[in-house]
Amino acid sequence: MYTPAELAALHQQSFQAEPTLYRAPGRVNLIGEHTDYSGGFVMPAAIDFSTLIAISPRTDGRFLAHSINFNEHVDKPVNELLSGRAKSWSDYPAGVLWALKEKGINVGCGFSMTIVGNVPLGAGLSSSASVEVATAFAVLGALGVQMPLAEIALLCQRAENGFVGANVGIMDQFVICCGQQDHAVMIDTRFLTYTLAPIPSDVRIVICNSMVKHALADGGGYNTRRAQMEAGLHILQQHRSEIKALRDATLADLDRWGSEMKPESLRRCRHVITEDERVLEAVKAFQKNDLTRFGELMYEAQLSFRDDFEASCPEIDILIDLANQQPGCYGARLTGGGFGGCTVNLVAAEHAAAFVEAMRTGYFAGTGIAAEIYTSRASAGAHAVSL
Ligand code: GLA
């Protein structure tokens, strides 16, 4: 990963302009999956991996960007950039400019950007949201426009929904804006309020990357799951109009009217309703430092994700089984959108090194795949970086 000074020097060399720098982390979700577009609860944390952007404003109305990771350059008039997706990494910064313009912010001057990041791509650790939030911070900073964090998060979600085409919820962008070092963030996605939960110093968040890639846009399964859940929601709403989102529904509602739904819609709704209950209980367990109960809830969440939401995959199931056999592992589950990516594991600090080793060996033995395993602290949200 480039240091800020190295990135600034490269930017200066490429664009003959002195940049300002912004950093936005990735995220891991401890519990609360696919509840964030139904007004529910989630408990993610920002992580050590991040995107770093150097930016300088232009006057010729062009967007010039250099992605160090992809070793690619873009050079287009802003208007052309915003006219549609290029189906490449540049859709994320472009989507943010598009959403800013939609909000009435003039981005017509153009920008030069140099982008680098180390959030693993397509691994369920929010590389996309990290680029979006870093871009939003960078462009707003370059234009001298202030915006509340929740509004920046919504703007980045809008970029992904309206420009990139993935109907994601608000969790990733929100925690990337509001994360705090050594804290998980319990977010109420209906009211966009949050409380911070300190992560005990004697546990480690271990992230195991199955190396199975997932994609949220273009038929990656995410939009389908969401549509199936919403079809079930509409049936409940016909019976109880006060149900505005699945957060307002109960298992009793499902018992009563679930038979009117397609079986897969019933299962998706059951996952979301029970997941909201699990998050609320998990937060209480965390506050009482009852990591055993927290871990059990993670495991129950995984079963629900696998069987009701049907968004796990065989490689992830192997990682979960392995994790549950390891001493000191409180809980393990898939984190993020699903269909691959990473598991999140809560592990007693004294067992963390042995856990990592056992997971690496066991996963390779079971799949022939070399997992990447990261032990991350909860990190701070997006911010300007001084040189
Ligand atoms: C992705 C989306 C989030 C959320 C999760 C699933 O990360 O970006 O909004 O829906 O999947 O919990």
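What you see as residue numbers is a count from 1 along each chain, following the sequence as written. Only residues with pLDDT of 70 or above have their local features reported here, since the model is predicted, and side-chain atom pairs are shown and tallied only from 80 upward, although totals for entire chains, interfaces and linings are computed over all residues. As a convention, hydrogens and water are excluded, and side-chain values are obtained from all of the structure's heavy atoms.

## So, the overall build of the protein
So, step 1. Only DSSP runs of H or I with at least four residues qualify as helices, and only runs of E with at least two residues qualify as strands; both kinds are numbered from the N terminus onward. Check the secondary structure of the protein and you find 12 helices and 12 strands.
So, step 2. Its C-alpha radius of gyration of 21 Å places the protein within 12% of the 21 Å reference for a compact globule of 387 residues.
So, step 3. Across the 387 residues of the protein, 57% fall into the buried class.
So, step 4. Sequence-distant contacts in the protein: of pairs separated by 6 or more residues, those separated by 24 or more amount to 72%.
So, step 5. Accessible surface computed for the protein: about 15200 Å², of which carbon and sulfur atoms make up 50%.
So, step 6. The distance from the centre of the 31 positive side-chain charges to the centre of the 42 negative ones in the protein is 4 Å. Our radius of gyration is a C-alpha quantity, and the globule rule it is checked against amounts to 2.2 Å times the number of residues to the power 0.38. For every residue, the accessible area (1.4 Å probe, protein chains only) is compared with the maximum for its type, and the residue is labelled buried under 20%, exposed over 50%, or partly exposed between those bounds. Contacts are assigned to residue pairs that have any heavy atoms within 4.5 Å of one another. Per-residue accessibility takes into account occlusion by the displayed protein chains alone, with areas from the Shrake-Rupley method and a 1.4 Å probe. Asp and Glu count as negative and Lys and Arg as positive, but His and the ends of the chain are not part of the count. Every charge is mapped onto a representative atom, which is NZ of Lys, CZ of Arg, CG of Asp or CD of Glu.

## What about the sheet that holds strand β8 (residues 203-209)?
So, step 1. Reading across the sheet, the 4 strands line up as β9-β10-β8-β11 and stay open at both edges, with antiparallel pairing between neighbours. Each end of this open sheet is capped by a strand with a single partner; those strands are β9 (329-335) and β11 (372-376). Taken pair by pair, the neighbouring strands of this sheet meet at an average axis angle of 20 degrees, ignoring direction.
So, step 2. At least two bridges found by DSSP between two strands is the condition for calling them paired. Pairing of β9 with strand β10 (residues 342-348), which is carried by 6 bridges, proceeds in the antiparallel orientation. When the sheet's bridge partners are listed, R333 is paired in β10 with V344.
So, step 3. Axis definition: a line fit to C-alpha positions, over the contact stretch in the case of helices; interaxial angles, taken between N-to-C directions, run 0 to 180 degrees. Helix-sheet contacts for helix α11 (residues 314-324) involve β8, β9 and β10, and the interaxial angle to β9 is about 170 degrees.
So, step 4. The strands touched by helix α12 (residues 352-367) within the sheet are β8, β9, β10 and β11, with β8 carrying the most contacts at an inclination of about 15 degrees.

## What about the pattern of salt bridges?
So, step 1. For this analysis, a salt bridge means a side-chain nitrogen from Lys or Arg found within 4 Å of a carboxyl oxygen belonging to Asp or Glu. Under the defined criterion, the tally for this structure stands at 22 salt bridges.
So, step 2. Here R333 and E33 are joined by a salt bridge, their closest N and O atoms 2.3 Å apart. Within this pair, whereas R333 is found in strand β9, its partner E33 is found in the loop between β1 (20-31) and β2 (41-57), the two being separated by 300 residues in sequence.
So, step 3. A relative accessible area of 1% means that E33 is categorised as buried.
So, step 4. Here D75 ties to R62 by a salt bridge, and the two come within 2.8 Å at their closest N and O atoms. With a gap of 13 residues between them, D75 in strand β4 (residues 72-77) and R62 in strand β3 (residues 62-67) connect regions that are remote in the sequence.
So, step 5. The exposure class assigned to D75 is partly exposed, which follows from its relative accessible area of 47%.

## Comments concerning the site of the ligand
So, step 1. When we say a residue is near a molecule or strand, we mean one of its heavy atoms is within 4 Å of it. Lining the immediate environment of the ligand, one finds 13 residues, of which E33, H34, D36, D172 and Y222 sit closest.
So, step 2. Throughout this description, a polar contact denotes any pair of N or O atoms lying within 3.5 Å of each other; where both atoms belong to protein, one of them has to be capable of donating a hydrogen while the other can accept it, and for residues adjacent in sequence the pair is counted only when both atoms sit in side chains. A distance of 2.9 Å is found between an oxygen atom of the ligand and a side-chain nitrogen or oxygen belonging to R27.
So, step 3. Cavities and pockets are found on a 1 Å grid laid over the protein atoms alone: a cavity is a set of points where a 1.4 Å probe fits but cannot escape, a pocket is an open set with protein on both sides within 12 Å along at least five of seven lines, and a lining residue has an atom within 4 Å of such a point. Think of it this way: if more than half of a molecule's atoms are within 2 Å of a pocket's grid points, that molecule is in the pocket or cavity. Put simply, the ligand lies in the largest pocket.
So, step 4. Lys, Arg, Asp and Glu make up the charged group, whereas Ala, Val, Leu, Ile, Met, Phe, Trp, Tyr, Cys and Pro make up the nonpolar group; the residues left over, Gly among them, are polar. Per-class residue counts for the shell around the ligand are 5 nonpolar, 4 polar and 4 charged.

## Overview of the side chain of S126
So, step 1. Inspection of the secondary structure assignment puts S126 in the loop between β5 (110-117) and α4 (127-143).
So, step 2. Those residues in contact with S126 that lie beyond four places of it in its chain are G26, R27, V119, D172 and I176.

## Quick notes on the pairing of β5
Successive side chains on a regular strand alternate, one facing one side of the sheet and the next facing the other.
So, step 1. β5 sits mainly inside the fold: 8 of its 8 residues count as buried.
So, step 2. Of the two faces of β5, the one carrying G110, S112, T114 and V116 and the one carrying F111, M113, I115 and G117 are both buried.
So, step 3. Where β2 lies against β5, 7 bridges are found, and the strand directions are antiparallel. Across the sheet, the residue bridging to T51 is G117, located in β5.

Nothing here speaks to function; it is all geometry.
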